[in-house]
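Residue strings, one per chain:
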Amino acid sequence: MERLEELKTEAAQELEAISNLKELEPWQVRYLGRKSALTQLLRGLAALPLEERKAVGAAANQVKAALEAGWKRKEAALKEIELAGLLGAKPTDVTLPGRPVSLGRLHPTTQTLRQICGIFAGMGFQVVEGPEVEWDYYNFEALNIPQGHPARDMWATFWIDVETEGGERPMLLRTHTSPMQIRIMEKTRPPVRVVVPGKVYRYEATDVTHEAMFYQIEGLAVDKTITMADLKGVLLEFARHLFGQERRVRFRCDYFPFVEPGMEMAIDCLMCQGAGCRLCGHTGWIEILGAGMVHPEVLRRVDYDPEIYTGFAFGMGIERIPMLRYGIDDIRLFYSNDLRFLRQF
Ligand code: YSA
């Protein structure tokens, strides 16, 4: 019992003398830790006769509770002193403006894609996505562009190194979104109405209008009575939604192996309203997409009977649209991650 009293007094005196949190920790280990004199004493209780054991045990627990309470009080007091010190040393200037939180925003390509998909969704088209690493079969073969066909040169290709027995290269980075026409028709029966936005890749030197990676959106509609008039109607509706009700469109013949007939669509120049300027090369027209009626050979590939079904398809480069709208004169600005450029949209 005497030893307990001594311990209590000694611990209280030492606690009193402690002036910072660093010194408090060793005190706690010394007086309340697993190897402390108090813990040893409690462990030794079993050796005492029963009567003494009860009295000494109760007293030891009281001392322990008193030390723990003293330690908690001291810790709270020291924390308060430390905080007051910090605040005093570095006063907070509440009149300073807060740090601005910088807000993220959608990339201009994403904004354009979402708007375009919204317009086609409003006309009943479903939005579907597909793989960027593609088979030669879907990118060329099934689109009526067999090995050695000169039209393959229209799409400079990044080939993927895959070992095959014959030495041919069956995989590539898709050069357009058109392979998704085949993937979709393979899986569904008509009627089909889809748009496919996504990244495409071309093995080309970049310049102000060409990137090695850019976005396209593909459109495909197949049903029993689809005609060229439907294609023209859908594209005119789309152009007026996106570029304004007064927009005029022009259709001219073009060649793509997977359509017959094929065509390109142009809109009257946004800058000069068709009068002719630098942007439109003084023609008054700006070409925005390739399109046509799905080739009967392509329909046959996916087991659609061309005697029963017809369809139209179109494919459009995306970056060209914000370039026209905002007068951006270099496509490479889109993906060079310059925040000064991106923050404007
Ligand atoms: C045609 C007929 C269909 O029934 C369906 C789709 C198509 C389009 C075809 N698949 C295609 O890729 N045509 S294209 O090579 O002329 O590219 C379409 C558009 O992509 C171009 O009008 C242009 O806007 C854009 N483009 C092409 N190369 C580009 C590019 N944009 C940026 N950088 C490049 N290197």
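Throughout what follows, the structure given in this document is the object of discussion. (Residues numbered from 1 in each chain as written. Predicted model: local features only at pLDDT ≥ 70, side-chain atom pairs only at ≥ 80, totals over all residues. Heavy atoms only, no water.)

1. Quick word on the state of the cysteines
The term disulfide refers to a covalent linkage connecting the sulfur atoms of a pair of cysteines. Let me state the cut-off plainly: Here, the term disulfide refers to a pair of cysteine sulfur atoms separated by no more than 2.5 Å.
As enumerated under the stated definition, the model contains zero disulfides in all. No disulfide involves Cys 269; its sulfur sits 3.6 Å from the nearest other cysteine sulfur, which is in Cys 272.

2. A word on the packing of aromatic side chains
How we decide: We call Phe, Tyr and Trp rings a pair once their centres come within 6.5 Å, taking the six-membered ring for Trp, and we label the pair stacked below 30 degrees between planes, edge-to-face above 60, and tilted otherwise. Under the scheme applied here, a residue whose accessible area is under 20% of the maximum for its type counts as buried, over 50% as exposed, and between as partly exposed, the area being computed with a 1.4 Å probe on protein chains only.
Under the definition given, this model contains 17 aromatic pairs. Each ring, one from Phe 334 and one from Tyr 335, has its centre 6.1 Å from the other, and the planes form 45 degrees; the classification is tilted. Considering the side-chain rings of Phe 341 and Phe 345, the 5.1 Å spacing of their centres and the 65 degrees angle between planes classify their relative orientation as edge-to-face. The same class applies to Phe 341 as to Phe 345, namely buried. Chaining the aromatic ring pairs together yields one cluster made of Tyr 215, Tyr 326, Phe 334, Tyr 335, Phe 341 and Phe 345.

3. Some words on the site of the ligand
Using the following cut-off: Here a residue counts as near a molecule or strand whenever at least one of its heavy atoms sits within 4 Å of it. Polar contact is defined as a pair of N or O atoms within 3.5 Å, subject to the rule that within protein one atom must be able to donate a hydrogen and the other to accept it, and that residues adjacent in sequence are counted only when both atoms are side-chain atoms. To measure how exposed things are, a 1.4 Å probe is used in the Shrake-Rupley method; for residues, cover is taken only from the protein chains shown. Labels follow the DSSP assignment, with helices taken as runs of H or I lasting at least four residues and strands as runs of E lasting at least two, numbered in each case from the N terminus. Gly is placed with the polar residues, together with every amino acid not listed as nonpolar (Ala, Val, Leu, Ile, Met, Phe, Trp, Tyr, Cys and Pro) or charged (Asp, Glu, Lys and Arg).
Close to the ligand lie 25 residues, the nearest being His 176, Ser 178, Glu 204, Glu 211 and Val 259. In the model, a nitrogen atom of the ligand is placed 2.9 Å from a nitrogen or oxygen of the Ser 178 side chain. When the ligand is considered free in solution it has 690 Å² of accessible area, and contact with the protein chains removes 90% of it. Listed by contribution, the elements that provide at least two residues to the shell around the ligand are β5 (213–223), β8 (285–294) and β9 (310–317). Tallied by class, residues from the shell around the ligand come to nine nonpolar, 10 polar and six charged.

4. Points about the side chain of Arg 174
Convention followed: For this count, His and the chain ends are skipped, Lys and Arg are scored as positive, and Asp and Glu as negative. By definition, a salt bridge exists where a carboxyl oxygen of Asp or Glu is found within 4 Å of a side-chain nitrogen of Lys or Arg. Residues are treated as being in contact if the distance between any of their heavy atoms lies within 4.5 Å.
Take Arg 174: it is sitting in the loop between β3 (171–173) and α7 (179–187). It turns out Arg 174 is buried and unbridged, and the closest side chain with the opposite charge, Glu 132, is 4.8 Å from it. Polar side-chain contacts of Arg 174 include one of 3.5 Å to the backbone oxygen of Gly 130. Of note is the side chain of Arg 174, whose polar atom sits 3.3 Å from the backbone oxygen of Pro 131. With residues near it in sequence (within four places) discarded, Arg 174 still touches Gly 130, Pro 131, Glu 132, Glu 134, Asn 139, Pro 179, Met 180, Pro 197, Gly 198, Lys 199, Val 200 and Tyr 201.

5. Description of the sheet that holds strand β7 (residues 259–268)
Here is the rule we go by: Pairing between two strands requires that DSSP report at least two bridges joining them. Lines are fitted to the C-alpha atoms to define the axes, a helix being fitted only along its stretch in contact, and any angle between axes, read from their N-to-C directions, falls within 0 to 180 degrees.
Pairing in this open sheet of seven strands is mixed, and the strands run β1-β4-β5-β9-β8-β7-β6 from one edge to the other. With one partner strand each, in any of the chains shown, β1 (126–127) and β6 (249–254) form the two edges of the open sheet. Across the sheet, helix α5 (residues 108–122) lies against β1, β4 (192–201), β5 and β9, angled at about 5 degrees from β5, the strand it touches most.

6. Let's talk about the packing of α5 against helix α8 (residues 228–243)
Keep this limit in mind: Each angle is binned into one of four classes, with values under 35 degrees roughly parallel, values over 145 roughly antiparallel, values of 65 to 115 roughly perpendicular, and all other values oblique. Each crossing gets its hand from how the near helix is turned against the far one by less than a right angle, where anticlockwise is left-handed and clockwise is right-handed.
Relative orientation of the contacting elements α5 and α8 amounts to 135 degrees, with a least axis distance of 10 Å. Compared by their axis directions, α5 and α8 come out oblique. The two elements α5 and α8 meet at a crossing, and its hand is right-handed. Contact with α5, carried on its side by Gln 115, Ile 116, Ile 119 and Phe 120, involves Val 234, Phe 238, His 241 and Leu 242 of α8 and no other residues of that element.

7. Concerning the packing of helix α2 (residues 21–32) against helix α4 (residues 50–89)
Where α2 meets α4, the axes come as close as 10 Å, and the angle between the chain directions of the two elements is 170 degrees. Classified by the angle their axes make, α2 and α4 are roughly antiparallel. Note on element contacts: α4 touches α2 through Lys 64, Leu 67, Glu 68, Trp 71, Lys 74, Glu 75, Leu 78, Lys 79 and Glu 82, opposite Leu 21, Leu 24, Trp 27, Gln 28, Tyr 31 and Leu 32.

8. Topic: α7
For α7, a buried count of seven out of nine residues is recorded, marking the element as mostly surrounded by other parts of the structure. For α7, the set of buried residues is Pro 179, Met 180, Gln 181, Ile 182, Arg 183, Ile 184 and Met 185.

9. Overview of the pairing of β5
Burial runs high along β5: 10 of the 11 residues are buried. Summarising the sheet, β4 and β5 pair through 10 bridges and their orientation is antiparallel. Counted as the bridge partner of Val 194 is Leu 220 from β5. Judged from the eight bridges that link them, β5 and β9 form a sheet pairing that is antiparallel. If you follow Ile 217 over to β9, its bridge partner there is Met 316.

10. Structural notes on the environment of Val 259
Take Val 259: it is sitting in strand β7. Overall, Val 259 belongs to the buried group, its relative accessible area being 5%. When the C-alpha positions of Val 259 and Tyr 304 are compared, they lie 15 Å apart, and in sequence the two are 45 residues distant. Sequence-distant contacts of Val 259, that is, excluding residues within four places in its chain, are made with Ala 291, Gly 292, Met 293, Val 294 and His 295.

Bear in mind that shape data such as this cannot, by itself, settle questions of function.
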